[in-house]
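Descriptive structure summary
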Amino acid sequence: MSTPSSHRQAPTRQKIQRRPVHGVLLLDKPLGFSSNQALQKAKWLLRADKAGHTGTLDPLATGVLPLCFGAATKFSQLQLDADKTYEAVLLLGQKTSTADAEGDVIETRPVPAITPELLAELTKRFTGPLAQIPPMYSALKKDGKALYEYARKGEEVEREARHITIYKLNMALAQDPRAQAAIKIVVSCSKGTYIRTLGEDIGEAIGCGAHLGSLRRLETGGFVASQCVSLAALEAMSEAERDACLLPPQTLLAAYPRVTLDADNAGRFLSGMRRRGQAGQWGADAPLVQVYGDHPPAFLGSAHVTADELIPQRLLSPIEVSDILQATQRRPESFALEPPDPVTASLHS
């Protein structure tokens, strides 16, 4: 006799056996995923026990999203503070409640002729230091609540302007069936820049209003889109292939000077002790250096150098060092001690 459907047990979800994973995954975040959703999916695929992302990308946005696992999470702030490059399409003639295509249209205005002279004027106006008021639909906190929580209730709160820098801005007319006219922009900018707000401000300067139709992050902190792997590709891989996609934690510090310690100094440094050196032994004074041991060759963490003293900042634990050494032996190509050279973004030139 068959069991009534109401009495059938729901299938149990297979429990994932988590494991220590240390490294950086350069993900090309897909459209429609929040940064956290993308992180959780990658964390599940890698069976990682600790993970974090390096700055929020809206569900509307795609592109470069470095994900940090294990020991690499200790250095994720470096990516949060990094300069970034975006490509976006501005849809002219309409403002929306969220300043992008996901919101409701709240205002429609005619679009004037978009001439090369106008684009050149706008490029000049919006390049350099700017003051930008963050959008209500953002994760910034006000009295302990994210701004988007107020926005969803129809409330608007006062926000202080933030000082940002647009290093380079390219603008060109684009075709888009969703709007009377559209502009494609490529923006190289400092941390904290809201491209949605920049798009709205450009729309106001033109006099017709605008909102983002699409947004893609091309580069962050030297990592570029061509280096990234998609979630779909990651899902199709074996676990060994997924592990091979990981860059070592020290990749996040590749742009900073390097100090190598002998076994005795390395052990003391790893326990949090400052190391006094001879004149110039650790190099010139520096706010951040990457520190390695020489026997065995291992990344130990970050420090700063002041008056020939090496002062620990963020340290790996002995267990993390051991895990990474074992990973190095298993996959020497992807976890080589020598970190890759940082990529120089062409738009910063």
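Residues numbered from 1 in each chain as written. Predicted model: local features only at pLDDT ≥ 70, side-chain atom pairs only at ≥ 80, totals over all residues. Heavy atoms only, no water.

Topic: the nonpolar core
What counts is decided by this rule: The term nonpolar core refers to a set of buried residues drawn from Ala, Val, Leu, Ile, Met, Phe, Trp, Tyr and Cys, joined through side-chain atoms within 4.5 Å. A simple rule labels every residue: compare its accessible area, found with a 1.4 Å probe on the protein chains alone, to the largest value its type can have, and call it buried under 20%, exposed over 50%, or partly exposed in between. We call two residues in contact whenever any of their non-hydrogen atoms come within 4.5 Å of each other.
Residues Phe-69, Leu-92, Ile-185, Ile-195 and Ile-206 are the most contacted members of the largest nonpolar core, which totals 47 residues. Those residues in contact with Leu-92 that lie beyond four places of it in its chain are Val-111, Ile-114, Ala-179, Gln-180, Ala-181, Ala-182, Ile-183, Ile-206, Cys-208, Gly-209 and Ala-210. Judged by nonpolar contacts, the second largest core, of 32 residues, contains Ala-298, Leu-300, Leu-310 and Val-321.

Regarding helix α5 (residues 195-206)
Helical periodicity: at 3.6 residues per turn, an α-helix aligns residues three or four positions apart in one direction. Just so we agree on the cut-off: Secondary structure follows DSSP: runs of H or I at least 4 residues long count as helices, runs of E at least 2 residues long count as strands, and numbering of each begins at the N terminus. For a helix, the expected span equals 1.5 Å multiplied by the number of residues minus one.
Look at α5: 16 Å from first C-alpha to last across 12 residues, which is about the 16 Å you get at 1.5 Å a residue. If you check which residues of α5 are buried, you get Ile-195, Arg-196, Thr-197, Leu-198, Gly-199, Ile-202, Gly-203 and Ile-206. Contacts made by the buried residues of α5 are with β4 (84-92), α3 (116-125), β7 (128-132), β10 (162-174), β11 (181-189) and β12 (210-220). Of the residues one or two after α5, Gly-207 is the one with positive phi, at around 105°.

Concerning the packing of α3 against α5
To keep things clear, this is the line we draw: As a rule, the C-alpha atoms of each element are fitted with a line to give its axis, helices using only the stretch in contact, and angles between N-to-C directions run from 0 to 180 degrees. Put simply, angles under 35 degrees are roughly parallel, angles over 145 are roughly antiparallel, angles from 65 to 115 are roughly perpendicular, and the rest are oblique. We call a crossing left-handed when the near helix sits turned anticlockwise from the far one by less than a right angle, and right-handed when that turn is clockwise. Residues are grouped as follows: Ala, Val, Leu, Ile, Met, Phe, Trp, Tyr, Cys and Pro are nonpolar; Asp, Glu, Lys and Arg are charged; every other residue, Gly included, is polar.
At their nearest, the axes of α3 and α5 sit 11 Å apart, and the two run at 130° to each other. When the axes of α3 and α5 are compared, the pair comes out oblique. As α3 runs across α5, the sense of the crossing is right-handed. Of α5, the residues touching α3 (which contributes Leu-118, Leu-122 and Arg-125) are Ile-202, Ala-205 and Ile-206. Partitioned by chemical class, the residues of the contact of α3 with α5 number five nonpolar, no polar and one charged.

Quick notes on the pattern of salt bridges
Threshold: A pair is scored as a salt bridge if a Lys or Arg side-chain nitrogen falls within 4 Å of a carboxyl oxygen belonging to Asp or Glu.
Counted according to the given criterion, the structure contains 16 salt bridges. Across the salt bridge formed by Asp-243 and Arg-19, the nearest N and O atoms sit 2.6 Å from each other. With Asp-243 in helix α7 (residues 239-244) and Arg-19 in the segment before β1 (23-29), this residue pair connects regions lying 224 residues apart in the sequence. With respect to burial, Asp-243 and Arg-19 carry one shared label: buried. Taken together, the shared-partner salt bridges connect Arg-19, Arg-47, Glu-239 and Asp-243 into one network.

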